[in-house]
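Listed here are the chains, written in short residue letters.
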Amino acid sequence: MRFPRPQLNYANVIATIALFVALGGAAVAAGLPKNSVGAKQLKKGAVTTKALHKKAVTAGKIAPKAVTAGKLGANAVLPGNLGNGVVSTEKLGDGAVIAAKIRNGSVTTNKLNNGAVTTAKLGDGAVTVGKLASGVIGQFQGKPLESGQTLRGTFDLGTFATGTTESIRCAVSFQFPLTNAPTVTVLEKGKTSSACSGITGGNGQTPEAAPGNLCIYVTESGNLDETSPLAADNVTRLGFGLIAESKESGDYFASGQWAVTAP
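Worth saying up front: this structure is predicted, and the values here are computed from it rather than measured.

Parameters and conventions
- The numbers attached to residues start from 1 for each chain and follow its sequence in the written order.
- Where local features are concerned, this predicted model is filtered to residues with pLDDT of at least 70; where side-chain atom pairs are given and counted, the filter is 80 or more; whole-chain, interface and lining totals use all residues.
- Processing note: side-chain calculations cover all non-hydrogen atoms of the structure and skip hydrogens and water entirely.
- Numbering goes from the N terminus for both helices and strands, where a helix is a DSSP run of H or I of at least four residues and a strand is a run of E of at least two.
- The contact criterion used throughout is that any non-hydrogen atoms of two residues lie within 4.5 Å.
- Cysteine sulfurs are considered disulfide-paired once they come within 2.5 Å of each other.
- What makes a salt bridge here is a side-chain nitrogen of Lys or Arg within 4 Å of a carboxyl oxygen of Asp or Glu, nothing more.
- Burial classes follow relative accessibility: with a 1.4 Å probe on protein chains only, a residue under 20% of its type's maximum area counts as buried, one over 50% as exposed, and anything between as partly exposed.
- Grid spacing is 1 Å over the protein atoms alone, the probe is 1.4 Å, and a cavity is where that probe fits but cannot get out, while a pocket is an open set with protein on both sides within 12 Å along at least five of seven lines and lining residues have an atom within 4 Å of a point.
- Grid points are joined across faces, edges and corners, and a volume is the space filled by probe spheres set on the points.

Considering the arrangement of structural elements, one finds Leu92 in the loop between helix 1 (10-30) and strand 1 (150-159). Residues contacting Leu92, with those up to four places away along its chain left out, are Val87 and Val97.

As structure tokens, then:
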């Protein structure tokens, strides 16, 4: 019995060729030599995100300035990703550093420019006695004068007298109290002592007193009793009194300067 011989036609030929191409293509793909596929063999868009191996894109694979702000996802750059000194002054935008971003205690004295803290920047009650440095005269009444600090002032007493000799008294209060009453010395015009070195300063307006002493300097006087021309009276830690007595009837006066220094 004879079987009929298959007849070649166009469809059979094309199918056979397609089979050989397919098998041949697979063989070629399986047999590609190492490093034979380069950038020219890849068509545009061939390498997708899913095709990338984990950690495949390293720092060395990224071109300079390739990662722009638009390429970063939300919260992509964290504090731990920033190197020390990376964020410089010119990298900060206007208004970037606000009060809420400043840590308590981070703004210290050396961070302030001269004249940075003005009166308008001080809150009510911000400058208290405890905030004043030693030697600053800004104390409230009732707190003793600080050790070594000096108070200075003037005095002037007298009268227009007629008839017999007369005497007059006056009192001077210290701007700030002392801890204890000072030792007092009254000096006639031009006189000094170990505790009262005189009146200094270019204009002769700086009377001096050693710590713990009150020095009363008479600079001008007239018609005062020679025995007791001027005397201190009732000297306390709060101030002192003066007594002047005339030599004879008529006008008399005494004026001058004083200084007291806390021990």
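Among covalent bonds in proteins, the disulfide is the one between the sulfur atoms of two cysteines. One pass over the full model with this rule turns up one disulfide. Across the disulfide from Cys196 sits Cys215; the S-S distance is 1.9 Å. With the S-S bond torsion at -85°, the cross-link from Cys196 to Cys215 turns out left-handed. Linking Cys196 in the loop between strand 3 (183-187) and strand 4 (199-200) with Cys215 in strand 6 (residues 213-222), this pair joins segments that are 19 residues apart in sequence.

Next up on the list: the pattern of salt bridges. Considering all chains together, one arrives at four salt bridges under this definition. A salt bridge links Asp233 to Arg169, with the shortest nitrogen-to-oxygen separation between them at 2.3 Å. Placement of the pair is Asp233 in strand 7 (residues 230-233) and Arg169 in strand 2 (residues 167-173), with a sequence separation of 64 residues. Residue classification places Asp233 among the partly exposed residues on the basis of a relative accessible area of 28%. For Lys189, the salt bridge goes to Glu220, with nearest N and O atoms at 3.4 Å. Residue Lys189 is located in the loop between strand 3 and strand 4, and its partner Glu220 is located in strand 6; the two are separated by 31 residues in the primary sequence. Relative accessible area serves as the criterion here: at 56%, Lys189 is assigned to the exposed category.

Take the layout of surface pockets next. Once rolled over the atoms, a probe with the size of a water molecule shows which space is left empty. Estimated volume of the largest pocket: approximately 170 Å³. Lining of the largest pocket is provided by Val186, Leu187, Glu188, Lys189, Val218, Ser221, Leu224, Asp225, Glu226, Pro229 and Leu230. Contributions of two or more residues to the lining of the largest pocket are made by strand 3 and strand 6.

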